[in-house]
Amino acid sequence: MRILIVGGAGYIGSHTARHLSKQGHDVVALDDLSTGHLAALGGLPLVHLDLVTGDLTSFLAAGRFDAVMHFAARCIVPESVEKPSIYWRTNVLGTLRLLDAMVTSGPRRLVFSSTCATYGIPTEVPIPEGHPQAPINAYGKSKLAVEHVLGDYARAHGLGAIALRYFNAAGAAADGAYGEDHTQETHLIPLALGALLGGPPLRVTGTDYPTPDGTCIRDYIHVDDLARAHALALERIEPGTFNAFNIGTGAGHSVREVIDTIEKITGRALPRTDAPRRPGDPPTLVARADTARAQLGFTPERSLDDIVASAWRWHERHPRGYAG
């Protein structure tokens, strides 16, 4: 299958692109490289194009793709609270332009990178797909808007689409060759490992949440498990339908539990300080993951220990990310 990976030079997109290529698919990445890294693709072809301004219709017509996987988005929660216009423009307008190009030029199969942030502050944990969606930040709102658009386009244009609502993507390639490298890093594990390698102490943002130890609880899923989930979703797409699945492990870990795991895996004491809560962070986000298991055949294979160990290999070998 010839597959276009939109946002393919980003963290999850690049891991998925390499996974699909190893499966024998013909993979092409599209990215504006505003936050992605060419080196993350491991030599796979890249087309440099902006979703909002580029000629997507001509590109798709010439590319003769069988399917699209759409990862391109702004995804930093605090930034979305401060600068919502960026998120509506990039995440929603960019997706609308991609969908219109797909309707005009094909293909009609799409796997969309969504998020558990569409649920907002949950009233039920673990969170099922049928939970009310009431996002509390512009990032989650923009992703939910796209989910609504996908449902409408499926009904009106015969598009087949699946949205995967990620919980917390983490980890790196098992050999440490590829990993997480964000210019503006906000994720717990890379920030903690950076602190161990000489960066600033980890700021534990919020110690007064209504959780057993006062810190946020999240469902961490290995990025390679996520890549495999996308491949499985692609096989289950049906024309004219839109479906959404949680992609998580069904188990939550608090910030303090993650810190304990990092110290165990690395054998080092993590320098850290307590800090106020970040705006837009719910106390607990844990997936109910049985629907993906039943309908996609997806079961996570990697534990929190695996996540931390792989991320540590990446950060030790690439303390400056893809820059060296």
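Heads up: these notes are all about the structure in this document. Bear in mind the structure is a predicted one, so any value in this text is a computation, not a measurement.

1. Focus: the pattern of salt bridges
- Per the stated rule, a full pass over the model turns up 14 salt bridges.
- For the salt bridge of Lys 264 with Asp 305, the shortest nitrogen-to-oxygen distance reads 2.8 Å. Pair noted here: Lys 264 is in helix H8 (residues 255-266) and Asp 305 is in helix H10 (residues 304-317), with a separation of 41 residues, a long-range link.
- When its relative accessible area of 30% is taken as the criterion, Asp 305 is described as partly exposed.
- Here the residues in one salt-bridge network are Asp 225, Arg 228, Glu 301 and Arg 302, joined through shared partners.

2. A closer look at the layout of surface pockets
- What the second largest pocket holds in volume is close to 270 Å³.
- Elements with a contribution of two residues or more to the lining of the second largest pocket: helix H1 (11-22) and helix H7 (223-236).
- Among the elements that make up the lining of the second largest pocket, the one with the highest residue count is H1 (four residues).
- Its residues assigned to classes, the lining of the second largest pocket shows five nonpolar, two polar and five charged.

3. Examining the pairing of strand E8 (residues 202-205)
- Side chains Leu 202 and Val 204 of E8 all project onto a buried face; the interleaved residues Arg 203 and Thr 205 project onto a face where none is buried.
- Alignment of E8 against strand E13 (residues 272-275), held across four bridges, turns out to be parallel. Bridging from a neighbouring strand, Val 204 pairs with Asp 274 of E13.

4. Some remarks on the sheet that holds strand E4 (residues 67-70)
- Strand order in this open sheet of seven strands is E3-E2-E1-E4-E5-E6-E11, and the pairing throughout is parallel. Looking at the sheet topology across the chains shown, the edges are occupied by strand E3 (46-48) and strand E11 (242-247). The mean inter-strand angle of the sheet, taken between neighbouring strand axes irrespective of direction, is 20°.
- Two elements, strand E2 (residues 26-31) and E3, share three bridges in a ladder whose sense is parallel. Bridged to Leu 30 within E3 is Val 47.

5. What about the state of the cysteines?
- Throughout the structure, instances matching the rule amount to zero disulfides.
- Residue Cys 75 stays outside any disulfide, its sulfur separated by 12 Å from that of Cys 116, the closest cysteine.
- What makes Cys 75 partly exposed here is its relative accessible area of 38%.
- Taking the relative accessible area as the measure of exposure, Cys 116 reaches 5% and is therefore buried.

6. A short note on the packing of aromatic side chains
- Going through the model one piece at a time under the given rule, you end up with two aromatic pairs.
- Seen from their ring centres, Phe 59 and Phe 65 are 5.7 Å apart, and the 45° between their planes marks the pair as tilted.
- Residue classification places Phe 59 among the buried residues on the basis of a relative accessible area of 17%.
- Centre to centre, the rings of Trp 314 and Tyr 322 are 4.8 Å apart; their planes meet at 50°, and the pair counts as tilted. The exposure classification of Trp 314 matches that of Tyr 322, with both residues buried.
- The ring of Tyr 178 carries Arg 18 above its face, with NZ or CZ at 3.7 Å from the centroid.
- Note that Arg 277 overlies the ring of Tyr 209, its terminal NZ or CZ placed 4.1 Å from the centroid.

Parameters and conventions
Residues numbered from 1 in each chain as written. Predicted model: local features only at pLDDT ≥ 70, side-chain atom pairs only at ≥ 80, totals over all residues. Heavy atoms only, no water. Salt bridge = Lys/Arg side-chain N within 4 Å of Asp/Glu carboxyl O. Helix = DSSP H or I, 4+ residues; strand = E, 2+ residues; numbered from the N terminus. Buried < 20%, exposed > 50% of the residue type's maximum accessible area, 1.4 Å probe, protein only. 1 Å grid on protein atoms, 1.4 Å probe; cavity = no way out; pocket = protein on both sides within 12 Å on 5 of 7 lines; lining within 4 Å. Points joined across faces, edges and corners; volume = space filled by probe spheres on them. Nonpolar A, V, L, I, M, F, W, Y, C, P; charged D, E, K, R; others polar. Pairing = 2+ DSSP bridges. Axes fitted to C-alpha atoms, helices over the stretch in contact; angles between N-to-C directions. Disulfide = S-S within 2.5 Å. Phe/Tyr/Trp six-rings, centres within 6.5 Å; stacked < 30°, edge-to-face > 60°. Lys NZ or Arg CZ within 6 Å of the ring centre and 35° of its normal.

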